[in-house]
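# Overview (structure and organization)
Listed below are the residues making up each chain.
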Amino acid sequence: MRGKRARLRRPTGNGRAFSNALPFIKETLRGAMDNRRLLLLWVLLLAGLLAGARLCRLADGFFAQQCHALFAEWLDLRGGRAFWAVLRSSLLSNVIFAIAATLLGLSAAGLPLLGCLPLLRGLGLGVLCGTLYGDFALRGLGGSLLLIVPGSLAAIFGLLLTCKENMDSAQAFGYAAKNKCFPDDWRGLREHLARCAALLTFAICGAVLDGVCAALFGRFLLPNK
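Residues numbered from 1 in each chain as written. Predicted model: local features only at pLDDT ≥ 70, side-chain atom pairs only at ≥ 80, totals over all residues. Heavy atoms only, no water.

### Observations concerning the nonpolar core
In terms of nonpolar packing, the biggest core is built from 25 residues, with Phe71 and Trp74 touching the most fellow members. Of all the secondary structure elements, the ones that give two or more residues to this core are helix 3 (36–55), helix 4 (62–79), helix 5 (83–104), helix 6 (116–179) and helix 7 (189–221). The element contributing the most residues to this core is helix 6, with 13 residues. When residues no more than four places from it in sequence are discounted, the contact partners of phenylalanine 71 are Leu128, Thr131, Leu132, Asp135 and Phe136. (Core = buried A, V, L, I, M, F, W, Y, C linked by side-chain atoms within 4.5 Å. Buried < 20%, exposed > 50% of the residue type's maximum accessible area, 1.4 Å probe, protein only. Helix = DSSP H or I, 4+ residues; strand = E, 2+ residues; numbered from the N terminus. Contact = heavy atoms within 4.5 Å.)

### Quick look at empty space enclosed by the protein
On inspection of all chains with the given rule, the structure shows one cavity of 30 Å³ or more. In this model, the largest cavity occupies a volume close to 90 Å³. What lines the largest cavity is Asn94, Phe97, Ala98, Arg121, Ala155, Gly158, Leu159, Thr162, Cys196, Leu199, Leu200 and Ala203. When contributions to the lining of the largest cavity are tallied by element, the ones reaching two or more residues are helix 5, helix 6 and helix 7. Broken down by element, the lining of the largest cavity gets its largest block of residues, five residues, from helix 6. Of the residues in the lining of the largest cavity, the class split is eight nonpolar, three polar and one charged. (1 Å grid on protein atoms, 1.4 Å probe; cavity = no way out; pocket = protein on both sides within 12 Å on 5 of 7 lines; lining within 4 Å. Points joined across faces, edges and corners; volume = space filled by probe spheres on them. Nonpolar A, V, L, I, M, F, W, Y, C, P; charged D, E, K, R; others polar.)

### A few points about the layout of surface pockets
By volume, the largest pocket amounts to about 690 Å³. What lines the largest pocket is a set of 28 residues, and nearest its centre among them are Leu70, Ser93, Gly124, Leu125 and Leu128. Elements that contribute at least two residues to the lining of the largest pocket include exactly helix 4, helix 5 and helix 6. The element best represented in the lining of the largest pocket is helix 6, accounting for twelve residues. Looking at the lining of the largest pocket, its residues break down into 16 nonpolar, eight polar and four charged.

### With respect to the confidence of the model for the protein
The predicted model of the protein has a mean per-residue pLDDT of 82, with 82% of residues at 70 or higher. Of all helices and strands in the protein, the one with the weakest mean pLDDT is helix 1 (residues 2–9) (44), whereas helix 5 scores best (94). (pLDDT = per-residue confidence, 0-100.)

### Observations regarding the packing of aromatic side chains
By convention here, two paired aromatic rings are described through the distance between centres and the angle between planes. What the rule picks out here adds up to seven aromatic pairs. The interplanar angle of 80 degrees and the centroid separation of 5.8 Å between the aromatic rings of phenylalanine 157 and phenylalanine 202 together place this pair among those described as edge-to-face. Taken together, the positions of phenylalanine 157 in helix 6 and phenylalanine 202 in helix 7 put the pair 45 residues apart, joining distant regions of the chain. According to the relative accessible area criterion, phenylalanine 202 is buried, its value standing at 16%. (Phe/Tyr/Trp six-rings, centres within 6.5 Å; stacked < 30°, edge-to-face > 60°.)

### Re helix 3
A turn of α-helix holds 3.6 residues, and therefore any two residues three or four places apart point the same way. Along its 20 residues, helix 3 runs 29 Å from first to last C-alpha, staying within 8% of the 28 Å computed at 1.5 Å per residue. Those residues of helix 3 lying buried are Leu38, Leu41, Leu45, Gly48 and Gly52. Around the axis of helix 3, the buried residues are gathered within 70 degrees of arc, so they sit on the same side. Along helix 3, the residues that are exposed and aim more than 90 degrees away from the buried face are Arg36, Val43, Leu50 and Arg54. (Expected span 1.5 Å × (residues − 1). Arc of directions from axis to C-beta.)

Written out as structure tokens, the structure reads:
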């Protein structure tokens, strides 16, 4: 019996990593709304959304061309109901933002730059939603709700949590540069990277939702290409 109990209590490496990731995600979700940095990131995201909705109304110029190109690429993918193509595109975009946030979190100089990521993400979403509504009116509004919002909510929430985690990391590196040691609440680089990896779950879920929504609603709401 002792041998059996010992074998039952011996955890595997994968099980330990998974059990460590879940409490972190739960703890982060509980304290999300109480964190000032996270609220600041939400404000920056909303500012990007408003700016993107404004930029999409430009008739000519460099920004107008970039907005039209972004929307045309997005429309081609969703209008074709290509699940895997949308999944790959969305996942690549989400992962790039997550990697950028993680790299910025490895230096004290990255602390002010981390706020640019939700601003840029909001800018792109604002362009898409604004162009959809401007070109297709109520059908465009429905397209935003069914094609953009589900996947974007998951991906954006994960991005904001990742930026917040890396802001804490960048602050710890800044403290270490001044005091020759990390603060007492710093859990180490390995723990930090494990948390960033756990937050990629939101990026994956957002990409899957984008693919599913495109496959279900792409041709119904948007004109066939």
